[in-house]
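Fold and geometry: a report
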Number of protein chains: 2
Amino acid sequence: MNKLFIIKIGGNVLDNPQALSSFLKDFASIKESKILIHGGGKIATKLGDQLGIESKYINGRRITDAQTLDVVTMVYGGLVNKQIVATLQTLNCNAMGFTGADGNLIKAVKRPVKDIDYGFVGDVKEEGVNASLLSLLLKQDIVPVFAPLTHADGSMLNTNADTIASVLSVALSKHFDVRLIFCFEKKGVLMDVNDPDSVITHLPKNRYDELLPKGIFADGILPKLENAYTAIQTGVKEVLIGEAKDLVKNTGPVTEGTLITI
Amino acid sequence: MNKLFIIKIGGNVLDNPQALSSFLKDFASIKESKILIHGGGKIATKLGDQLGIESKYINGRRITDAQTLDVVTMVYGGLVNKQIVATLQTLNCNAMGFTGADGNLIKAVKRPVKDIDYGFVGDVKEEGVNASLLSLLLKQDIVPVFAPLTHADGSMLNTNADTIASVLSVALSKHFDVRLIFCFEKKGVLMDVNDPDSVITHLPKNRYDELLPKGIFADGILPKLENAYTAIQTGVKEVLIGEAKDLVKNTGPVTEGTLITI
């Protein structure tokens, strides 16, 4: 099977034009098939503020009411996605920007209301991914760039970008040897959050299970790790968590960052 | 050659949720290959006002400064495009939303500054259209939905939707029998602007040349007619100008509206 890199970049890179420019150059230089998933960054919150729409969070998750959905559809699906695509085009990378609605590429389910009504938020599963159409596009040297938006029943849905990256990786593992790379602001998963160099280079599931009760993992990394283990347990070959500026190294045989295995 | 309908809808339909819903149902019901190009409507102006960005026009054309470019990228490329795509998906129409940057589908030239600096505005020609990739997508039963945005040199560019429809039609006429349909708020080109039923059912170029100096054509229709004749003179089989609610009839053998021929 051919190699496929599925790469997620977070808000900290998007919010820094120089870091983004450098990251996109590295991304464009990858010769193998590749997919980019981007988060939203602070631009949506800033636009919401300007429009007098308050950002609401419960347990660190944004509550997406109808007005907020319009804002994230504009910012993630419009501004951020198209600026990335236009930049990649100048780097000889034939990027095509998508939300999950486009080509029905990622169909979701609106999150059911239990204790909390998250609003227009999508939950996605492997079955919702149109892997055959994505494979066809990849074979044409198209580079899909996903905004963190899916759809269901005629509505766009705000969706966690890490989860999208993970679900895409699982669905495409039937067609490609997938390496899923989560890029964030640290060198990898840290043994000591106060020591940026204390990267755990290899974190198999049994070691994770040992370390988890000790509370060493920062809150921000936990959803990433959960997504990573879900991916690796359902067919994804390799998952890496590393720093955005190490992307090129992390696509090679010897990697920086934290390697996640079963 | 297979038939292809290239259909442009304007702002008046986009600004009216009921009219838009009805139009999209009609559009989805077309069995042949089809492409939709949408304008922007009043939403971009409204958002610009809310953000304190003034809309500037010279000779009826919007001047697109950097802030305005961000607004139209968000509204046209994000909000409007994705709402249309999500709605079409519920109608069993596998829509995929695009700007010209996506897949390098429409490469433009930033309009050169002569007397007026239009800002981030794109001029497009047939050569800028990636017709082979569009043909491939159409063969996969993908329905491209274009926002009125193109790109050049890493920047998005605000671009007239009528022109995009016309240029796409010319480029795709080598692969398909194209009927280009401009949908607007009137039944067709009118002999008398005050009589909505005075539709000119057939307007060959020589009759247009006769009528033009008499000043019977309203200002709004002139760019559409210019685009129509350019299209028909460069390979497009049929061009129609008609009302959005007549779309289904206008895709059949007996049409309403104004038929443009050489």
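Basis of the calculations
- Residues numbered from 1 in each chain as written.
- Chains lettered and ligands numbered in written order.
- Predicted model: local features only at pLDDT ≥ 70, side-chain atom pairs only at ≥ 80, totals over all residues.
- Heavy atoms only, no water.
- UniProt positions renumbered as here; feature names shortened; annotations may be inferred.
- Helix = DSSP H or I, 4+ residues; strand = E, 2+ residues; numbered from the N terminus.
- Rg over C-alpha atoms; globule rule 2.2 N^0.38 Å.
- Buried < 20%, exposed > 50% of the residue type's maximum accessible area, 1.4 Å probe, protein only.
- Contact = heavy atoms within 4.5 Å.
- Areas by Shrake-Rupley, 256 points an atom, 1.4 Å probe, with all protein chains shown as cover.
- Phe/Tyr/Trp six-rings, centres within 6.5 Å; stacked < 30°, edge-to-face > 60°.
- Lys NZ or Arg CZ within 6 Å of the ring centre and 35° of its normal.
- Buried area = accessible area lost by both parts, 1.4 Å probe.
- Salt bridge = Lys/Arg side-chain N within 4 Å of Asp/Glu carboxyl O.
- Polar contact = N/O pair within 3.5 Å; in protein donor to acceptor, adjacent residues only side chain to side chain.
- Least-squares fit on C-alpha atoms with pLDDT ≥ 70 in both.
- Pairing = 2+ DSSP bridges.
- Axes fitted to C-alpha atoms, helices over the stretch in contact; angles between N-to-C directions.
- Parallel < 35°, antiparallel > 145°, perpendicular 65-115°, else oblique.
- Left-handed = near helix turned anticlockwise from the far one by under 90°.

Chain A has the name Acetylglutamate kinase in an unreviewed UniProt entry, where Ohtaekwangia koreensis is given as its organism. Quoted verbatim from the Pathway (unreviewed entry) field of UniProt, the annotation for chain A is "Amino-acid biosynthesis; L-arginine biosynthesis; N(2)-acetyl-L-ornithine from L-glutamate: step 2/4."

1. Observations regarding the overall build of chain A
In terms of helices and strands, chain A carries nine helices and 14 strands. Computed over the C-alpha atoms, the radius of gyration of chain A is 17 Å, within 12% of the 18 Å expected from 2.2 N^0.38 for a compact globule of 262 residues. Counting the 262 residues in chain A, one finds 57% classified as buried. Counting only contacts in chain A whose residues sit at least 6 apart along the sequence, the fraction spanning at least 24 positions is 70%. Carbon and sulfur atoms provide 49% of the accessible area of chain A, an area that totals close to 11,000 Å².

2. Quick word on the packing of aromatic side chains
In total, this model carries eight aromatic pairs over all chains according to the counting rule given. Directly above the aromatic system of Y118 of chain B lies the positively charged group of R111 of chain B, at a separation of 4.6 Å from the ring centroid.

3. Section: the interface of chain B and chain A
The interface is formed by 39 residues belonging to chain B together with 39 residues belonging to chain A. Summed over both sides, the interface between chain B and chain A buries roughly 2,800 Å², with carbon and sulfur atoms accounting for 72% of that surface. For the chain B face of the interface with chain A, the top three residues by lost area are M74, K82 and M96 of chain B, together amounting to 19%. At the junction of chain B with chain A, the criterion picks out two salt bridges. With a closest N to O distance of 3.0 Å, D102 of chain A and K82 of chain B form a salt bridge. Inspection of the chain B/chain A interface yields ten residue pairs in polar contact (both at pLDDT 80 or more). Secondary structure elements with two or more residues in the side of chain B that touches chain A: helix 3 (43-50), helix 4 (66-90), strand 5 (95-98), helix 5 (131-139) and strand 10 (155-158) of chain B. Element by element, the count of residues in the side of chain B that touches chain A is highest for helix 4 of chain B, at 15 residues.

4. Some thoughts on the relation of the copies chain B and chain A
Note on the identical chains: chain B maps onto chain A by a rotation of 180 degrees and an axial translation of 0.0 Å, with an RMSD of 0.0 Å. The transformation relating the two chain copies, once decomposed into turn and shift, fits a two-fold axis. Within chain B, G78 of chain B has its C-alpha nearest the rotation axis, a separation of 1.8 Å.

5. Examining the pairing of strand 1 (residues 3-9) of chain B
Residues and elements named next belong to chain B. The buried count for strand 1 comes to six of seven residues, which makes it a mostly enclosed element. Looking at chain direction, strand 1 and strand 11 (residues 177-184) are connected through seven bridges and run parallel. When the bridges of strand 11 are listed, K8 appears paired with F182. Here strand 1 pairs with strand 2 (residues 33-38) via six bridges, running parallel. Paired with F5 across the strands is K34, a residue of strand 2.

6. Here's the deal with the pattern of salt bridges
Where side chains of opposite charge bring their charged atoms close, a pairing between them can arise. Tallied over the full model, the rule gives 27 salt bridges over all chains. Between D65 of chain B and K56 of chain B there is a salt bridge whose closest N-O contact spans 3.5 Å. When the shortest N-O distance is used, the salt bridge between D246 of chain B and K249 of chain B registers 3.9 Å. For D246 of chain B, a relative accessible area of 7% gives the class buried. Each of the salt bridges in this network shares a partner with another, and the network as a whole consists of K8, D162 and K224 of chain A.

7. Regarding the packing of helix 3 of chain B against helix 4 of chain B
Each pair of packed helices can be summarised by the angle the axes make with each other and by the distance between the axes. Residue and element names in this part refer to chain B. Where helix 3 contacts helix 4, the two axes come as close as 9 Å, and the packing angle between them is 130 degrees. Classified by the interaxial angle, the pair formed by helix 3 and helix 4 is oblique. Crossing hand, helix 3 versus helix 4: right-handed. Across the interface between the two elements, I43, A44, L47 and G48 from helix 3 touch V71, V72, M74, V75, Y76, L79 and V80 from helix 4.

8. Structural notes on the sheet that holds strand 8 (residues 143-146) of chain A
Residue and element names in this part refer to chain A. Spatial ordering of the open sheet is given by 5-8-2-1-11-13-14-12, a layout of eight strands whose pairing is mixed. At either end of the open sheet lies a strand with only one pairing partner, and these are strand 5 (95-98) and strand 12 (202-204). Across the sheet, the mean angle from the axis of one strand to that of its neighbour is 20 degrees, orientation sign disregarded. For strand 12 and strand 14 (residues 258-261), the ladder comprises three bridges, and the chain directions are parallel. Bridging across to strand 14, P204 finds its partner in T261. Packed on one face of the sheet, helix 6 (residues 161-172) meets strand 1 (3-9), strand 2 (33-38), strand 8 and strand 11 (177-184) and runs near 170 degrees to strand 1.

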